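# Reading the structure
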Amino acid sequence: MEFEKQIISTEELSIGFPARRTMGTPTVVASDIDVVLNSGEIVCLLGPNGSGKSTLIRTLTGLHRPLGGLIELEDQKLQAFSAKQIAKKVSTVLTDRLTIGNLSVYELVSFGRSPYTGWFGSLSKQDEEIVDWAIQSTGIEQFVNRDVLRLSDGERQKVMIARALAQNTSAIMLDEPTAHLDLPNRVEIIRLLRELAHDTQKGILLSTHELDLALKAADTLWLIDMNGNVITGTPEDLVLDGTFESVFERDSFEFDRSTGSFKLLHPQKAPIYLHGDAVGQFWTRRALERSGYQVKESNGTDIQVEVKRTGNDFEWRLHCCEDHFECNSIEVMLEQLKKYC
Ligand SMILES: Nc1ncnc2c1ncn2[C@@H]1O[C@H](COP(=O)(O)OP(=O)(O)OP(=O)(O)O)[C@@H](O)[C@H]1O
């Protein structure tokens, strides 16, 4: 994909924690990081727990000093900017919980204007227009007068995104914006961020543990592995070349490139040839794999499962060696299978 311009870029960046007087060596979390965040792009930063996602975000936003290397913000060294200047170019939504009460949603979103007005400065007409736009863009109009401590997790996250939007920066960085949210809210937040990146030409970087959503929504992935390497690319390329899988590799599960999902367990039971209706096959495969069977899409096994569909009704035909069974649910089919393998 062609993007208009680079907002943030790094060269041989090294992130971590400096040596303390009592503890001799610095803790290097990741090094040799060469990444670019472009305008109009949504980037998902993924990596196992403790791999360095928060440290990278905090370093790119100037909240944490790099151990070495270069960070450029709009073609100038990040260190050359004051905190206030950075706040006019990059807004951040961190994971810290809100603790201040007696503050309305509108007031909190208005704080996004503080790099321009000062903390206690009054809003100009133009500031008010930007705050209203941020509120509308995130769809939080119905609770602008509510106290911020009386918001659900999903509502609060949208309010924090509205505050970041009101800051009117070219980049927004969010550390785990989907943590604590249920699935519909996770999907909604990611979709909102994706639309904002594309509609407003902002560069949006978010860290997340939602591998599936990230694979579907990100223009680019930044993957951090446990050895401190950062690998970037289009999600599909990183899946096809095996990088995605290797970053999240564990003994207890494996990534299935053909379905884009993780298998929980290695199969220990017999291979089964599964065929028939596509939707039925998808859910039948899940049930078979969860039960430890190895699902094949080509014939040549002793056991076959055929999924038939009539409207919304499904039926499973089981062929075990010389025996045949008709089953009206996956549960019944699994029970029959147990008698053979
Ligand atoms: N003050 C510190 N001094 C030394 N090491 C630290 C310090 N704070 C964090 N770390 C270490 O830095 C590494 C990266 O932590 P970080 O919080 O950036 O990871 P993360 O990928 O965001 O993790 P998670 O997914 O669990 O939120 C971890 O190994 C952590 O233990």
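Reading the values: the criteria
Residues numbered from 1 in each chain as written. Predicted model: local features only at pLDDT ≥ 70, side-chain atom pairs only at ≥ 80, totals over all residues. Near = placed C-beta within 6 Å. Helix = DSSP H or I, 4+ residues; strand = E, 2+ residues; numbered from the N terminus. Nonpolar A, V, L, I, M, F, W, Y, C, P; charged D, E, K, R; others polar. Pairing = 2+ DSSP bridges. Axes fitted to C-alpha atoms, helices over the stretch in contact; angles between N-to-C directions. Contact = placed C-beta atoms within 7 Å. Buried ≥ 20, exposed ≤ 12 C-beta atoms within 10 Å, placed from the backbone. Core = buried A, V, L, I, M, F, W, Y, C linked by C-beta atoms within 7 Å. Domains from an automatic or database assignment. Left-handed = near helix turned anticlockwise from the far one by under 90°.

Glancing now at the site of the ligand. In the vicinity of the ligand, the residues found are F17, T27, V29, G47, N49, G50, S51, G52, K53, S54 and T55. Mapped onto the shell around the ligand, the elements with two or more residues apiece are β2 (27-33) and α1 (53-60). Among the elements that make up the shell around the ligand, the one with the highest residue count is α1 (three residues). When the residues that make up the shell around the ligand are grouped by side-chain class, the tally is two nonpolar, eight polar and one charged.

Turning our eyes to something else, we now look at the sheet that holds strand β18 (residues 323-327). Spatially, β15-β14-β16-β17-β18 is the arrangement adopted by the five strands of the open sheet, whose pairing is mixed. Two strands bound the open sheet, and with one partner strand each, they are β15 (294-296) and β18. Averaged over all neighbouring strand pairs, the angle between strand axes comes to 25°, with direction disregarded. Pairing analysis gives eight bridges linking strand β16 (residues 303-310) to strand β17 (residues 313-320), with the strands arranged antiparallel. Looking at β17, one finds that E306 is bridged to R317. On top of the sheet, helix α11 (residues 278-290) reaches β14 (271-276), β15, β16 and β17; it is set at about 165° to β14, its chief contact.

Attention shifts here to the pairing of β18. The element β18 is barely covered by neighbouring structure, given that only zero of its five residues are classed as buried. Pairing between β17 and β18: five bridges, direction antiparallel. Counted as the bridge partner of R317 is E326 from β18. Counted between consecutive antiparallel strands, the loop separating β17 from β18 contains two residues, among which C321 sits at a positive phi close to 50°.

This part covers the sheet that holds strand β10 (residues 220-224). An order of β7-β8-β9-β4-β10-β11 is seen for the six strands of this open sheet, with the pairing classed as mixed. Since the sheet does not close on itself, it has two edges, and those belong to β7 (90-93) and β11 (230-233), each with one partner. Taking the axes of each pair of neighbouring strands and ignoring which way they run, one obtains an average angle of 15° across the sheet. Bridge count between strand β8 (residues 171-175) and strand β9 (residues 203-207): five bridges; the pairing is parallel. Paired with M173 across the two strands is L205, which belongs to β9. Against the sheet, helix α7 (residues 183-200) makes contact with β4 (42-46) and β9, and its axis sits at roughly 155° relative to β9, the strand it touches most.

With that out of the way, let us pick up the nonpolar core. The nonpolar side chains of soluble globular proteins are, as a tendency, buried together. Of all hydrophobic cores here, the largest spans 62 residues; its most connected members are V43, V109, A162, I204, L205 and L223. Among the elements that line this core, the one with the most residues is helix α6 (residues 153-166), at seven residues. Once residues within four sequence positions are removed from consideration, V43 is found in contact with L37, I204, L205, A218, D219, T220 and W222. Counting twelve residues, the second largest nonpolar core, distinct from the first, contains L288, V295, I303 and M333.

Let us look at the domain arrangement of the protein. Here the protein is described as being made up of domain 1 (6-250) and domain 2 (271-338). The C-alpha-based centres of domain 1 and domain 2 are spaced at 44 Å.

One non-glycine residue, E12, adopts positive backbone phi at about 45°. Mapping E12 onto the fold places it in strand β1 (residues 6-17). What makes E12 exposed here is the crowd of 11 C-beta atoms within 10 Å. One non-glycine residue, D75, adopts positive backbone phi at about 70°. Tracing the sequence through the fold places D75 in the loop between β5 (68-73) and β6 (76-77). Taking the C-beta count within 10 Å as the criterion, D75 has 9 such neighbours and is therefore assigned exposed.

Direction vectors running N to C along helix α5 (residues 125-138) and α6 enclose 145°, while the axes themselves pass 8 Å from each other. Where α5 crosses over α6, the handedness of that crossing is right-handed. Here α5 contributes I130, V131, A134, I135, S137 and T138 to the contact with α6, which in turn contributes K158, I161, A162, L165 and A166. The residue inventory of the contact of α5 with α6, partitioned by class, reads eight nonpolar, two polar and one charged.

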